Structures are given as C-alpha cells and as structure tokens.
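# Reading the structure
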Amino acid sequence: MNITVIGRGRVGGGLARLWETAGHEVRTLGRDGGDASDADVVVVAVPGHLIDEALRGVTGLNGQATIDATNLYAERGTDFPSLAHQVKSVVGGPTAKAFNTVFASSYELIGEQRVTPSNLYAADPEAKDVTARLIGDAGFDPVYVGDLDPGARLLEDSSGLTRALAGQIGPFFYRYGVPGEL
Ligand SMILES: NC(=O)c1ccc[n+]([C@@H]2O[C@H](COP(=O)([O-])OP(=O)(O)OC[C@H]3O[C@@H](n4cnc5c(N)ncnc54)[C@H](OP(=O)(O)O)[C@@H]3O)[C@@H](O)[C@H]2O)c1
C-alpha cells in the first residue's frame, strides 16, 4: 500500500518504520509539507491544534482513506465533533481514528509482548478494513469501537484517562478481549 504520513515525529516516524517493515511504501511529510496525490491512505500525526495548518501545506489531498492519530491537549478551537471530523473536512475521504490511545515510545516493543496489544479504532464503514489492516501490520490487534461518530470523539476524550494511567505506571499496552479469550 502507498501511505503518506503527515507528521514525521514519534507517531508518524514510528508508524512509518513499522509499516515499511511490513512491506508498505511510506512517505512522511513534516512542517515543510509536500504532495500526497499518489497515496492510497493518508495518516495524520501532527499536534491536534495544528491540523489545519499542517494539512494546508499538503497538496493532492483528494478523498483518500484517512487515519487520524491526533490528540489535543488544549481547548477545542472548532465546532467539529472530533479532530477526525476536522481532518475529514479537508481530505474528504472515508476516515478513521486510530493509534491515539497507544504510546509511540513502545512501538518497538510490540513484538516482544506475550500477547498482541490491542489498538482501539473508530471508522467510517469504507475506512474500516484498511484501518484494521494497517493496525495489524503495525503489530497491534485492531479493536473496533464503532462508527467515526461518536467513536472518534470517545477515543479522543479517553486521552485524559490514558495520561493519568501513564502517570502512575508509565507508557503501557492494553488488551481487550471477550470472556474466554484472554
Ligand atoms: N507520542 C505519542 O505517544 C502519541 C500517542 C498517541 C497520539 N499522539 C498524538 O499524535 C500526534 C503526533 O504526536 P507526536 O508525539 O508524534 O509529536 P512529535 O513527535 O512532536 O511530532 C510532530 C510532528 O508534527 C509535525 N508538525 C508540526 N507542526 C506542523 C505543521 N504546522 N505542519 C506540518 N507538520 C507539522 C512535525 O514536523 P517536523 O518534523 O517538520 O518538525 C513533526 O513531524 C499528536 O496529535 C499527539 O497528541 C501521540
């Protein structure tokens, strides 16, 4: 798959390494922007308050399937139901929220775990399969929480819990399973 990741920091750069290892073609774009017209999938991994600014610097965004990995640690500055909806308003394609509940600092340790760590995601129906595949190719077990609305906002609002827990035990993996599965 041809993936363009907007943001080449801990999340963007880290996911790019995981997906390249899985055999994908990945281009990362930073503050200097670039072109995404040949991307099958666009991934957004910039600070949540810089989404508009970052997407303005990218040409060729024209309805690709999109995965939004952002969180926001400030007041919401828009009326969109979620950051993922804000991203979708620019790119225009089927959109998912994923990777915002897992720690980039632990990406390299995924393969060393006794069980495969989960990764919660929400998605438009047309973005569901591609997102599950890319979550799997990054080494996680995809766990679908439902449609983008209201799933994306629920995942974004969970970042306070994630940070509180990380303050107690440090960066962590998590695993969801039905009874009998764990
Ligand atoms: N770190 C985590 O564990 C984690 C986990 C879940 C979700 N998140 C979320 O994922 C997003 C990225 O986090 P991160 O930790 O990867 O941040 P980071 O390491 O600080 O990287 C941020 C990236 O965004 C780019 N950027 C900043 N301003 C930009 C602009 N105006 N236009 C285009 N690109 C711009 C930077 O570009 P340059 O390289 O050119 O400076 C950099 O590549 C955030 O929304 C964060 O809340 C982070």
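Shown above is the structure to which this text applies.
Described below are features of the structure shown in this document. As a convention, each chain's residues are numbered from 1 in the sequence order in which they are written. At least 70 in pLDDT is required for a residue's local features to be given in this predicted model, at least 80 for side-chain atom pairs to be given and counted, and no such filter applies to totals for whole chains, interfaces and linings, which use all residues.

Before going further, it helps to spend a moment on the site of the ligand. Using a C-beta atom placed from the backbone, a residue is scored as near a molecule or strand whenever that atom is within 6 Å of it. Close contacts around the ligand come from 24 residues, with Gly-9, Gly-30, Arg-31, Ala-54 and Asn-71 the closest. Runs of H or I in DSSP of at least four residues are treated as helices and runs of E of at least two as strands, each being numbered from the N terminus. Secondary structure elements with two or more residues in the shell around the ligand: helix 1 (10-21) and helix 2 (51-56). Among the elements that make up the shell around the ligand, the one with the highest residue count is helix 1 (three residues).

Restricting attention to buried positions, one finds in helix 4 (residues 125-137) the residues Ala-127, Lys-128, Val-130, Thr-131, Ala-132, Leu-134 and Ile-135. Gly-139 occupies a position one or two residues after helix 4 and carries a positive phi of about 110 degrees. Neighbour density around each residue's C-beta defines its exposure: 20 or more other C-beta atoms within 10 Å make it buried, 12 or fewer make it exposed, and counts between make it partly exposed, where C-beta atoms are placed from the backbone.

Next up on the list: the sheet that holds strand 7 (residues 95-98). In this scheme, strands are said to pair when DSSP sees at least two bridges between them. An order of 2-1-4-6-7-8-9 is seen for the seven strands of this open sheet, with the pairing classed as mixed. Every interior strand has two partners, whereas the edge strands, strand 2 (25-29) and strand 9 (141-146), have only one. Taking the axes of each pair of neighbouring strands and ignoring which way they run, one obtains an average angle of 25 degrees across the sheet. As defined by bridge partners, strand 7 adjoins strand 8 (residues 118-123) across three bridges and the pair is classed as antiparallel. Directly across from Ala-98, in strand 8, lies its bridge partner Tyr-121. For the purpose of contact definition, each residue receives a C-beta atom placed from its backbone, and two residues are in contact when these atoms lie within 7 Å. Note on definitions: angles span 0 to 180 degrees between N-to-C directions of axes, and those axes are lines fitted to C-alpha atoms, for helices only across the stretch in contact. Across the sheet, helix 3 (residues 83-91) is in contact with strand 4 (41-44), strand 6 (65-68) and strand 7; its angle to strand 6 comes to roughly 150 degrees.

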